[in-house]
Every structure is written in C-alpha cells, then in structure tokens.
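# Observations on the three-dimensional arrangement
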Amino acid sequence: MNDESLDGDFDVQTLLVHAGNPRRNLRPTALSIYPSTSFITDSPEQLDDIMAERVHGHSYARHSNPTVEGLTEAMRLLEHAETVIATGSGMAAIDAALFATGLRAGDTVLLSRDLYGASLNLVGKVWEQYGIVSVVVDLTDLQAVEAALKQLRPKVLLFETVSNPLLKVVDAPALVSMAHDVLCQVVVDSTFTTPLMARPLQYGADLVVHSATKYLGGHGDAMGGVVAGGAKYHDALHQYLKLRGGVLGPFEAWLIHRGLQTLAVRFERQCQSALQLATRLEETGRLRAVYHPFLASHPTVETAKRLLPAHLGGAVVTLELHGERREAYRFLKALKVVRPATTVGDVYTLCLYPLIASHRNQTEEERRRMGITEGTVRMAIGLEHPDDIYADIVQAIEAAERT
Ligand SMILES: Cc1ncc(COP(=O)(O)O)c(C=O)c1O
C-alpha cells in the first residue's frame, strides 16, 4: 500500500490496521515517537544498503529507531563523540562499554574503589565469570594508581569523576594520561556530572557512559543509558545492541531527549541549592560531617575547584548523622518534603541510605574503606525551594536525636 492511497475502497479490517499512520512527510518541531519495530524500505537494494550501513536508514528497531536516534545524535554533539548508543539502563550502558573495549579472559579491569556498588559487582561478579580479573584502587591516591597500572597492565580503567555517595572528585585528566601510558582504555561513568560538568572524551577518555535514568531524563519517569566514544568503538557498540539486544525503547528515548532540553536550567538550579544546603547544614554543627565537593572540609576540595566549573559542584549532598542505623531510620521516617528513594536526578529531593540500597552488597569492611557508615545518608537535591528542603532536613535531624 503506497502513500496517499487509503481513500480507496478498503475493508474495515484493513483500515483498522493502516488508517492514521503517517502518510505525508510532516515536519514537526519536536522529536516524534516512532513505536514501530520495523521500517519499510523501497526496495531490497535499499534494505541491503541500510543493513550494510552504506546509506543511513532504519530497518529493525533493535538496530536503530528514529526516536532513539534523536537522543543519540543529541548526546553525540553534547559529548563531542563520534559514535553513541542508547541502552535500556545505565547498567546496560556500562556493560556495553566494557564489551566494546574488547575484554578477553585473563584481562584485568582496574576499578575505582568508590564506584557505584552495582558497577563493582558487574565487573567483580558477572564479568568475572568470563575470566576477567577485577582490581579495586583508591583513585585519589595517584601514586597507588600508577603502581597498579604498571604492575597489572589492565586493559580498562573504570571510574566516576565524582564518587557516590561521598562525592570525592578525582583528577580525571591525570588518570587518563597515566592509563594511556600503559595502553589501558579509560571508561568514565559521567552520570553524576552530566555533560555540563564534565566532557571526558575531550580530555582523552575512550568511552563515556551515563545512566540517563538520572539527570539526563531528570523527571524520574524513564530508565535508560548512553555510551559515547570514538569511531573505533562504533562496530562493537552496535554489535552489542544487535546481538545482546539491550536497546532503549522509543518512549523512554523521547522522555530522556525531552529531559535533555531542560537539563541546563534544572541542573544549575539543583547544584546551586545543593551547595547552599551543604553550607547551611554544616553550619548547624548538628552533623558528624557534611559532604559536598566545594566545602572546604571535603578531602578533595582542591581537585574539585581545579577541575569542576565554578558554579557546578553537583546536585548531591551527603550527610553523616550522629548515631547508628536506629537514628538513621528515624531520620528517614521523619522526612516530609524529601522522599526516601534510591535514585538521583529527579525533580524531587530524594534521600538514600546506602547501607540498605546502593552499597548493600558490599561487605562491612569494604564500606568502611569507602567511608560509608551507619550514619551516612545521601541527599539528591531536587527543584523544591531550598528553604523547604533545609527545614525538612533539620526537623528530621531533631527527630533522629530524640530518644
Ligand atoms: C553512577 C551510576 N552509574 C550507573 C548507574 C546505573 O544506572 P541504571 O539504574 O540506569 O541502570 C547508577 C544508578 O544508580 C549510578 O548511580
């Protein structure tokens, strides 16, 4: 059935299937959602050309989809990348990036000790089944990193610029150059920094990943991931999608793309509120510690000031409450404006207790080395007025202190 031919005498059964589908070459201003799983080509020759990537086009949604392509094209420009894929979650993006590095049994992956817990487990438990060795290092200790790189000759170094939940900022450009000296590829998880705070490919990282579920989408209603890198990763990344199949759906791609359009205003406001709250909360003297990359008390403040844009220190504040798990639970239960939830980057301020969420699979010893205690709570600052967030946190601290 060709375009414009639906006015003929068709059966209701046929019309039900075809009527209302796009017939004309519309030019909407916003990205459109294409839920189609396959795409019609004009000829077998054209399909052959698309499949061979001789011409641009779409054939099957596991290979490509126009809505998802809107998001990947935006991320390509934002990250200064040559190739980008979108995946069904941030974890799938990290998995795809590791796949694209060409890891083989016997290879070593060097991991930041402060990496997101599930990322540590992905390499340490899943990739380990395929003979990959994982070694964890403290990336704030550049001498230890250099020694590990020289001794282990890892194939991949994986880290986050700003760690979760204690917000340590690493010297990412120095790490990239040290890794490249021993031919080690660098994968940076830029979820907490977004392209506004850091563009790792520009300082030489090989691949950058995002959990788009967080700030990029920004509204807590879509899961997704993104991997961006140089042209040499194109084939492996696309093979990952075609054969492993962890693609992003068009609805999620559309939501995340729409989120990107307001990322700058949302994220800048959230960063501003986070720094203001961290400063005010530290001044109360009612907490064992307050973590924010720009607080003078933060152990990596010098690196943060040198490497991060002056107005963007990230939108997370981590608190060290007095007391133990009992007090932390009281604090969590007393919050009214802040919602207890296990994510970051939404419009709402969210509070996470790492012990039972992000770092529940780490041993007590591992958590101790990371600096996570029974009093650690992570606040991902949203778009509410900072005075309301502050008042809510202070009343929850008071509730936690009550015996
Ligand atoms: C830094 C970081 N990377 C990756 C992920 C995984 O993302 P997703 O939940 O979208 O799979 C998360 C999730 O919390 C994260 O915080």
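Here is a short report on the structure shown in this document.

Basis of the calculations
- Residues numbered from 1 in each chain as written.
- Predicted model: local features only at pLDDT ≥ 70, side-chain atom pairs only at ≥ 80, totals over all residues.
- Heavy atoms only, no water.
- 1 Å grid on protein atoms, 1.4 Å probe; cavity = no way out; pocket = protein on both sides within 12 Å on 5 of 7 lines; lining within 4 Å.
- Points joined across faces, edges and corners; volume = space filled by probe spheres on them.
- Nonpolar A, V, L, I, M, F, W, Y, C, P; charged D, E, K, R; others polar.
- Domains from an automatic or database assignment.
- Pairing = 2+ DSSP bridges.
- Helix = DSSP H or I, 4+ residues; strand = E, 2+ residues; numbered from the N terminus.
- Axes fitted to C-alpha atoms, helices over the stretch in contact; angles between N-to-C directions.
- Contact = heavy atoms within 4.5 Å.
- Near = heavy atom within 4 Å.
- Polar contact = N/O pair within 3.5 Å; in protein donor to acceptor, adjacent residues only side chain to side chain.
- Areas by Shrake-Rupley, 256 points an atom, 1.4 Å probe, with all protein chains shown as cover.
- Salt bridge = Lys/Arg side-chain N within 4 Å of Asp/Glu carboxyl O.
- Buried < 20%, exposed > 50% of the residue type's maximum accessible area, 1.4 Å probe, protein only.

## Notes on empty space enclosed by the protein
With the rule as written, the count across this model stands at three cavities of 30 Å³ or more. Empty space within the largest cavity amounts to approximately 50 Å³. Together, Val162, Leu167, Phe192, Met197, Tyr215, Pro293, Gly313, Gly314, Ala315 and Val316 line the largest cavity. Along the lines of polarity and charge, the residues of the lining of the largest cavity split into eight nonpolar, two polar and no charged. Both domain 1 (44–261) and domain 2 (263–401) contribute no fewer than three residues apiece to the lining of the largest cavity.

## Re the sheet that holds strand β7 (residues 225–229)
Within a sheet, each strand pairs with its neighbour through backbone hydrogen bonds, oriented either parallel or antiparallel. Taking strand neighbours across the sheet as the criterion, the seven strands line up as β1-β7-β6-β5-β4-β2-β3 in an open arrangement whose pairing is mixed. A single partner strand is all that each edge strand has here, and the edge strands are β1 (83–87) and β3 (133–137). Across the sheet, the mean angle separating the axes of adjacent strands is 20 degrees when strand polarity is ignored. Relative to β7, β1 runs antiparallel, the two being bridged by five bridges. The residue of β7 that forms the bridge with Thr83 is Gly229. Against the sheet, helix α4 (residues 90–100) makes contact with β1, β4 (156–160), β5 (185–189), β6 (207–211) and β7, and its axis sits at roughly 165 degrees relative to β6, the strand it touches most. Sheet strands touched by helix α9 (residues 234–244): β1, β6 and β7. Its angle to β1, the strand with the most contacts, is close to 20 degrees.

## Some words on the site of the ligand
The environment of the ligand is made up of 14 residues, and the closest members are Gly90, Asp189, Ser211, Thr213 and Lys214. Here Met91 contributes a backbone N or O atom positioned 2.9 Å from an oxygen atom of the ligand. Note that a nitrogen atom of the ligand is positioned 2.6 Å from one of the side-chain N or O atoms of Asp189. Considered on its own, the ligand offers 390 Å² of accessible surface; in the complex 92% of this is hidden by protein. Top element by residues in the shell around the ligand is α4. It accounts for three residues. By residue class, the composition of the shell around the ligand is five nonpolar, six polar and three charged.

## Brief notes about the pattern of salt bridges
Enumeration according to the criterion identifies 16 salt bridges in this entry. Arg280 serves as the salt-bridge partner of Asp387, at 3.0 Å between the closest nitrogen and oxygen. With Asp387 in helix α15 (residues 386–401) and Arg280 in helix α11 (residues 263–284), the pair connects residues that are 107 residues apart, well separated along the chain. As a salt-bridge pair, Glu401 and Arg286 come within 2.8 Å of each other at their nearest N and O atoms. Placement of the pair is Glu401 in helix α15 and Arg286 in the loop between α11 and β8 (289–291), with a sequence separation of 115 residues. Taking relative accessible area as the criterion, Glu401 reaches 42% and is therefore assigned partly exposed. Assessed through its relative accessible area of 27%, Arg286 is described here as partly exposed. Through salt bridges that share partners, Asp48, Asp49 and Arg54 make up one connected network.

Purely geometric numbers; function is a separate question.
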